[in-house]
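Each chain, letter by letter, is given below.
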Amino acid sequence: MNLIIDVGNSYIKVAVFQESKLLGSYVCVAENFFKKIQEIKKDYPQISFSMLSSVVKDTSAFEKILKEESNLYVLSENTKLPFKNNYGSPQTLGKDRLALVAAASLNFQYKNVLIIDAGTCITFDFKNAANEYLGGAISPGLQMRLKALQHFTSKLPLVSLDEKAPLIGNSTQNSILSGVLNGVSAELDGIIDRYKADYKYLTVILTGGDTQILSKRVKNSIFANPNFLFEGLNYILEFNKTQ
């Protein structure tokens, strides 16, 4: 069994896989990481491998715990990947983006795939039908846009995200929600349309924390998969076991 760990800025997400099958997923904060790993190991004593991906620079504390419990792999720019990476600066490429492209390689190896990850930032990553990663784009996420409107103005309030955003806002709150939600939805559809114009038979994956709210608003045909990142990390781990 494999233990997959994705360390983010605020939370740590953990998943357990039996080969390619997801058995369970969990969320915790850094302070509870050791306790959570012990609980998971108690439920799945067969875990013998782990993959760590992190946006945090210092992962020594996490690595120490994981090395005691498993054969640990740490995702880095030097990790062998199941696709050709044509990104111009691989050392600056986010590990989460590598994992998403790996999941696209696993599930759609010979297809053109655009992966949209709607989280703190919205990332766009493209893998072509030759299984080559070309790059993509980074844009502010929903919460970032809401916070920016409040932070960079003197009068606009910080508005909580609400799915019921009208096209025509009849209050300041509704106007902000309309601008952010409808603006992001139009952005996604516009970028998808541009990729479709250049690449035939495009498959579009939407994942990340805001998948549910955005999947209802995007007009283009998409596959919504909240576990795409986990699948990619697990695939990279399985791939490296054989190298």
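Fair warning: this is a prediction, and the values are worked out from it, not measured in the lab.

With respect to the overall build of the chain
For step 1, the next point in the chain: Looking only at helices and strands, the chain features seven helices and eleven strands.
For step 2, the next point in the chain: Computed over C-alpha atoms, the radius of gyration of the chain comes to 19 Å, within 12% of the 18 Å expected from 2.2 N^0.38 for 243 residues, which places it in the range of a compact globule.
For step 3, the next point in the chain: When the backbone C-alpha atoms are referred to their principal axes, the chain occupies close to 55 × 45 × 30 Å.
For step 4, the next point in the chain: Taking all 243 residues of the chain together, 44% fall into the buried category.
For step 5, the next point in the chain: Approximately 12800 Å² of the chain is accessible, and the part contributed by carbon and sulfur atoms is 50%.

Quick word on the side chain of Asn2
For step 1, the next point in the chain: Structurally, Asn2 is set in strand E1 (residues 2-7).
For step 2, the next point in the chain: In this structure the side chain of Asn2 is engaged in a polar contact, spanning 2.9 Å, whose partner is the side chain of Asn234.
For step 3, the next point in the chain: There is a polar contact of 2.8 Å between the side chain of Asn2 and the side chain of Lys241.

A short note on the sheet that holds strand E11 (residues 223-224)
Within a sheet, each strand pairs with its neighbour through backbone hydrogen bonds, oriented either parallel or antiparallel.
For step 1, the next point in the chain: Within the open sheet, the six strands sit side by side as E6-E9-E8-E7-E10-E11. Their pairing is mixed. Strand pairing shows two members of the sheet lacking a second neighbour, strand E6 (84-85) and E11, which therefore form its edges.
For step 2, the next point in the chain: Direction of pairing for strand E7 (residues 112-118) relative to strand E8 (residues 121-127): antiparallel, over a ladder of six bridges. In the strand pairing of E8, Ile116 is matched with Phe124.
For step 3, the next point in the chain: Each of E8 and strand E9 (132-140) is contacted by helix H4 (residues 142-151), which is oriented at about 30° to E9, the strand it contacts most.

Quick word on the packing of aromatic side chains
For step 1, the next point in the chain: Within the structure shown, the criterion is met by seven aromatic pairs.
For step 2, the next point in the chain: Taken together, a centroid distance of 6.3 Å and an interplanar angle of 80° make the contact between Phe83 and Tyr133 edge-to-face. With a gap of 50 residues between them, Phe83 in the loop between strand E5 (71-74) and E6 and Tyr133 in strand E9 connect regions that are remote in the sequence.
For step 3, the next point in the chain: Owing to a relative accessible area of 0%, Tyr133 belongs among the buried residues under this scheme.
For step 4, the next point in the chain: Between Phe126 and Tyr195, the ring centres sit 5.4 Å apart and the planes meet at 40°, which makes this aromatic pair tilted. In this pair, Phe126 is assigned in strand E8 and Tyr195 in helix H5 (residues 172-198), connecting sequence segments 69 residues apart. Both residues of the pair, Phe126 and Tyr195, belong to the buried class.
For step 5, the next point in the chain: By way of ring pairs, the aromatic residues Phe83, Tyr87 and Tyr133 are connected into one cluster.
For step 6, the next point in the chain: Between Lys241 and the ring centre of Phe49, over which it is positioned, the NZ or CZ distance is 4.2 Å.

Quick notes on the rules
Residues numbered from 1 in each chain as written. Predicted model: local features only at pLDDT ≥ 70, side-chain atom pairs only at ≥ 80, totals over all residues. Heavy atoms only, no water. Helix = DSSP H or I, 4+ residues; strand = E, 2+ residues; numbered from the N terminus. Rg over C-alpha atoms; globule rule 2.2 N^0.38 Å. Buried < 20%, exposed > 50% of the residue type's maximum accessible area, 1.4 Å probe, protein only. Areas by Shrake-Rupley, 256 points an atom, 1.4 Å probe, with all protein chains shown as cover. Polar contact = N/O pair within 3.5 Å; in protein donor to acceptor, adjacent residues only side chain to side chain. Pairing = 2+ DSSP bridges. Contact = heavy atoms within 4.5 Å. Axes fitted to C-alpha atoms, helices over the stretch in contact; angles between N-to-C directions. Phe/Tyr/Trp six-rings, centres within 6.5 Å; stacked < 30°, edge-to-face > 60°. Lys NZ or Arg CZ within 6 Å of the ring centre and 35° of its normal.

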